[in-house]
Structure formats: C-alpha cells, structure tokens
Amino acid sequence: MNLHFLVTTSKFRIIPLRSTPSILDSLYRTLQNNLIFTRPKSQSTSIPQKQQRVRDHGYDNYMEIEKKMRTVLKFQDLILTQHNQCLPVARLDTLARRIGFKQFEAGRFVLKFPHIFEIYEHPVQRILYLRLTRKAGLQIHRENQALIAPSPEAVTRLRKLLMLSNTGRIRLEHVRIARKEFGLPDDFEYSVVLKYPNFFRLFDAKDTRNKYIEIVERDPSLAVCAIEAAREREYRQKGTDAEDIRFSFIVNFPPGFKIGKYYKIAMWKWQRLPYWSPYEDISEYDMRSLEAQKRMEKRAVAMIHELLSLTVEKKITLERIAHFRMAMNLPSKLKDFLLQHQGIFYISTRGNHGKLHTVFLREAYRKGDLIEPNELYLARRNLAELILLSPRKAPLDKELVSYSRRKGVDDDVARIKEYVEDSMEGFETEENFKENGDREDILDADISSDVDSDITDEDNDMHEVEEAEDACVT
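So, here is what we can say about the structure in this document. This is a predicted model, so every value here is computed, not measured. (Residues numbered from 1 in each chain as written. Predicted model: local features only at pLDDT ≥ 70, side-chain atom pairs only at ≥ 80, totals over all residues. Heavy atoms only, no water.)

**So, the overall build of the protein**
Tallying secondary structure elements over the protein gives 19 helices and 13 strands in all. For the protein, with 474 residues in total, the buried portion stands at 39%. Counted over contacts in the protein with a minimum sequence separation of 6, partners at least 24 positions apart contribute 65%. Total accessible area on the protein stands at roughly 29000 Å², and carbon and sulfur atoms take up 51% of it. (Helix = DSSP H or I, 4+ residues; strand = E, 2+ residues; numbered from the N terminus. Buried < 20%, exposed > 50% of the residue type's maximum accessible area, 1.4 Å probe, protein only. Contact = heavy atoms within 4.5 Å. Areas by Shrake-Rupley, 256 points an atom, 1.4 Å probe, with all protein chains shown as cover.)

**Structural notes on the pairing of strand S11 (residues 358-361)**
Where burial is concerned, the two faces of S11 agree: the one with Thr358 and Phe360 and the one with Val359 and Leu361 are both buried. Strand direction decides the pairing type here: strand S9 (residues 315-317) and S11, joined by three bridges, are antiparallel. Opposite Lys315, over in S11, you have Phe360 as the bridge partner. Strand direction decides the pairing type here: strand S10 (residues 345-348) and S11, joined by four bridges, are antiparallel. Bridge assignment links Tyr346 to a residue of S11, and that residue is Phe360. (Pairing = 2+ DSSP bridges.)

**Regarding the sheet that holds strand S6 (residues 169-171)**
Strands sit in the order S6-S8-S7 across an open sheet of three strands; the sheet is antiparallel. On the outer flanks of this sheet lie S6 and strand S7 (200-204), each paired with one strand and no other. Pairs of neighbouring strands in the sheet enclose a mean axial angle of 25 degrees, with direction left out of account. The pairing of S7 with strand S8 (residues 211-215) spans five bridges and is antiparallel. Bridging across to S8, Asp204 finds its partner in Lys211. Packing of helix H6 (residues 152-163) onto the sheet brings it into contact with S6, S7 and S8, and relative to S8 it is tilted by some 100 degrees. (Axes fitted to C-alpha atoms, helices over the stretch in contact; angles between N-to-C directions.)

**Some points on helix H15 (residues 375-388)**
The terminal C-alpha atoms of H15, which comprises 14 residues, lie 20 Å apart, in line with the 20 Å expected from a rise of 1.5 Å per residue. For H15, the full list of buried residues reads Leu376, Tyr377, Ala379, Arg380, Leu383, Ala384, Leu386 and Ile387. Looking at the buried residues of H15, the elements they touch are helix H2 (57-80), helix H5 (134-148) and strand S13 (369-370). (Expected span 1.5 Å × (residues − 1).)

**Here's the deal with the sheet that holds strand S4 (residues 117-121)**
The strand order across the open sheet formed by three strands is S3-S5-S4, and the pairing between neighbours is antiparallel. Of all strands in the sheet, those bounded by a partner on one side alone are strand S3 (87-88) and S4. The sheet contact formed by S3 and strand S5 (residues 128-132) spans two bridges and is antiparallel. Across the sheet, residue Pro88 finds its bridge partner in S5, namely Tyr129. Here H2 sits on the sheet and contacts S3, S4 and S5; the angle it forms with S5, its principal contact strand, is near 115 degrees.

**A look at helix H10 (residues 261-271)**
Those residues of H10 not exposed but buried are Tyr263, Ala266, Met267, Trp270 and Gln271. The buried side chains of H10 occupy one side of the element, clustering within an arc of 130 degrees when seen end-on. Across from the buried face of H10, at angles greater than 90 degrees, the exposed residues are Lys261, Lys264 and Trp268. (Arc of directions from axis to C-beta.)

**Things to note about the environment of Ile99**
Its place among the elements puts Ile99 in the loop between helix H3 (92-96) and helix H4 (105-111). Sequence separation of Ile99 and Lys74 is 25 residues, and the distance between their C-alpha atoms is 6.8 Å. Residues contacting Ile99, with those up to four places away along its chain left out, are Lys74, Phe75 and Leu78.

**Section: the side chain of Gln271**
Mapped onto the elements, Gln271 comes out in helix H10. Classification of Gln271 by relative accessible area gives buried; the value is 12%. Look past the residues within four positions of Gln271 in its chain and what remains in contact with it is Phe247, Ser248, Phe249, Val251 and Lys298.

**As for the layout of surface pockets**
Reported here for the largest pocket is a volume of approximately 1500 Å³. Met69, Arg70, Thr71, Leu73 and Lys74 are the residues nearest the centre of the largest pocket, which is lined by 45 residues in total. Counting residues per element, the ones that place at least two in the lining of the largest pocket are H2, H4, H5 and S9. For the second largest pocket, the calculated volume is near 980 Å³. Forming the boundary of the second largest pocket are 40 residues, of which Arg233, Lys314, Glu363, Ala364 and Glu372 lie nearest the centre. (1 Å grid on protein atoms, 1.4 Å probe; cavity = no way out; pocket = protein on both sides within 12 Å on 5 of 7 lines; lining within 4 Å. Points joined across faces, edges and corners; volume = space filled by probe spheres on them.)

Shown next, in the form of structure tokens:
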C-alpha cells in the first residue's frame, strides 16, 4: 500500500493520504500555487550591521554652499597672489586653469558672485581688472587673524587630539592635512608645536622617515569628553531622573528614518552599555570576551564623537578620519560603522562630486547653524552669506555698466573725470547736495557705486588721474 503525505504549514504535521494519482496531481498543484513554505524570522534586538543611508537635506544643502565657498576661496588665493592684489580680466582664463576651470568658465563664475568679486576699469590703462570687494576682504582678514594668532583653544585642541592616540603621538602629515578643520594655522609646526615645547615634542621615526608629534605629558584635567560634559549638565538639571544617561549619547534620527519595535529595544540596550573613555589607556585590558568587544565598539563611537567635537565646525571628511584609524583603534569599515549610528552622525556625499564623504555631528547643529559658534566659524559663515546674496542687490559700478570704447583724447579725459566724480558721490557736501539731489533720485536703488577715493583737489586734471589710480590699486 502506497502512502502519500501532506505537510501543513501551521504546525508542520505529516498527514498520510490514501488516494489516486489524479487526486495527488490536483493536490500538488494546489500546494504549488497557494501554499508558501516559510519559517518565521527571528527578530534580533541588536543594532543591524548594515543600514541604508537616509538623507537629511539640511546637511546636504550646507555642503552645496560649502562647495561654492571652496571655489571662491581658490579664486581669492589666486587674486591675493597677484601684484597689488588685482588680476587682469584678459588673463583670467589662463590663470583660472590652475585651479581647475575650463575656458570661459572662470568669467561666468566670477559674475555670479558680485558681492565677492569686483570688476573695474583702470582709469589710466583702460584695462578691466578683477579684485575682491571690501566686505570679502574683511572676512578674509578676520579669518586669517584668527588663524595666525594661535589661541589657547587651538593649543588645547591639539593636546586633546594627541591624547586620543594610543601612544600619544600622531604623524605630522596627518595633522597638516586636517589643520583647517582643527583651526590650526598653516605654519602650526613652528607657531604651535615648536612654540610650546612644554606641551609638544617633534621627532623623526627611526624605521620610517616620517615626522611625529608627541605629547609631553598627559593632563588629567583635559581627559573629559564633550559628551561627558553634556551628560553632567543634564544630570544637574534633572537630578535622579537622569540616571539612565550615564553611558548614553544624544540621538536625533534624520527625517524619514524608520524605527521599528525591535530597533528601539536594541537602542535602549546599547544606550545603557558601559564603555571605556577614549582618553583611557586600554592596552592592558583583555579584549577576547564578547562583552569587551561590544564595549570597544561603543568606545569607537565615543572616539569619533570626541574627534568631531574638537573640530571648528563639528564636521570632518571620512577620509581624514581614516588617517587616525590605526592610532585610535577605529574599525576598518568606517562608513558602514557610522551608518549604524545615523542618530549621532550624518554622512553627506554632496559638495565633493561624490568623491569625499563629510561626517557631521548631528547634536552640534540646529536648523543648519552651529549651536556654539566660534570666531573661525563666524568668519566662514559670513563669507557664505555673501555668496548667497542675490546678484541683483549687488552695488554695481556705474562706470562698468556704461563701459564702451570712445575715441579721442578729450573723450578719454572726460571719461577719467567722470570716474573720479562717481567715486566722490559718497562724500557730498552741503553746497552740492541740492545740485546732486535730483540726479540721485533718478538712479536705481539697486545700482550704486562701491568705489572709494580720498581725492579732494579737483583743479588739476593730472593730479586727479594719479589719485584715482592709487585709489584703484588700494
């Protein structure tokens, strides 16, 4: 007697059947079309190892603005290296190729930012020149002053950065690459490291010819993380209600991030998991247990959190964090590791043509602005505001707007006198106030002169020409 079996999906029971082949064929088709043999999935209460990145448009827009600002800064460096800090417009395409511009792209880019760049005509040479506006020059001077004079905060940042290392030393080249992020001047090797021999020591490695910066002595008063100070402030405000924040981090997930029931349980367990401080020496600890490995993973989160807290704008590229991976015991797959904690960090691929990844500290920003700004951040932020200003509100030079070629010596002299008179509009006296009142009412409010001059003598035409030339050069 042949026995056939039917497997049910509810309790996996085996039922013997006694039937003909035709009935078996119909049952087989029914099972194939209607029944799906699936085993219930086990839900894990641990944070998933791989997660999809959820975009936060606030940080992506921030990086788009910074992309424009980096290009503007390249143009500024190009202009400042020229004689009298003025660049002939005829040589703009040729010189702009050094910073990656193609033909005719530099001119279009400069015209997009009239609050940063100013095009004027030389009163004598009759040549168009490119220079920085007064506001842009002030912002550059403000940032340079904050970088040139090494403040105690910059020295403290470098000391804490070296204390995060396992051996208390970091390659000089790795610090030089990330000097802008940590608010260090270009010559920090001399103005900071060698200037404070009681804090830092510079030496060459024996095996490799690389230079290293080493901290002379660890200061226990500096071995306090930024997240620990935030926990202390919250504990003082809430008291015993904040007992659960002893090892927790500030979590703020991006919009659209799906949080399931089991993920909430995993985060609740992870927030209460103890870990070793990034400034603590763990060389003598046994790391073979599973509990020790979990603590080391959370310590790596605290290490990157503290590294971002030491930066000026609370952000740094992922590729520059990788330079400190060996010195700070960070995981090899940094991107996948940071994507597990999207409530603490945000990775943006905008602003770098997808080649670099910028890591933000989410708790340090609110509505696109840094919660605790500093002098360097404010200087860079003001420059970004000039970039975002509408070109329609720019103070265009009337001499440039009405620029046209004229023939004859008399026309040239009249043109130079007109340029000088336009530059004197902001210094009108009571005598000619009534005379110029009607003319100023006709002019459009969005078009005004931005040229300064100190000329007071209008009797001698040649004297006016020399003074105007000096005003344009300065």
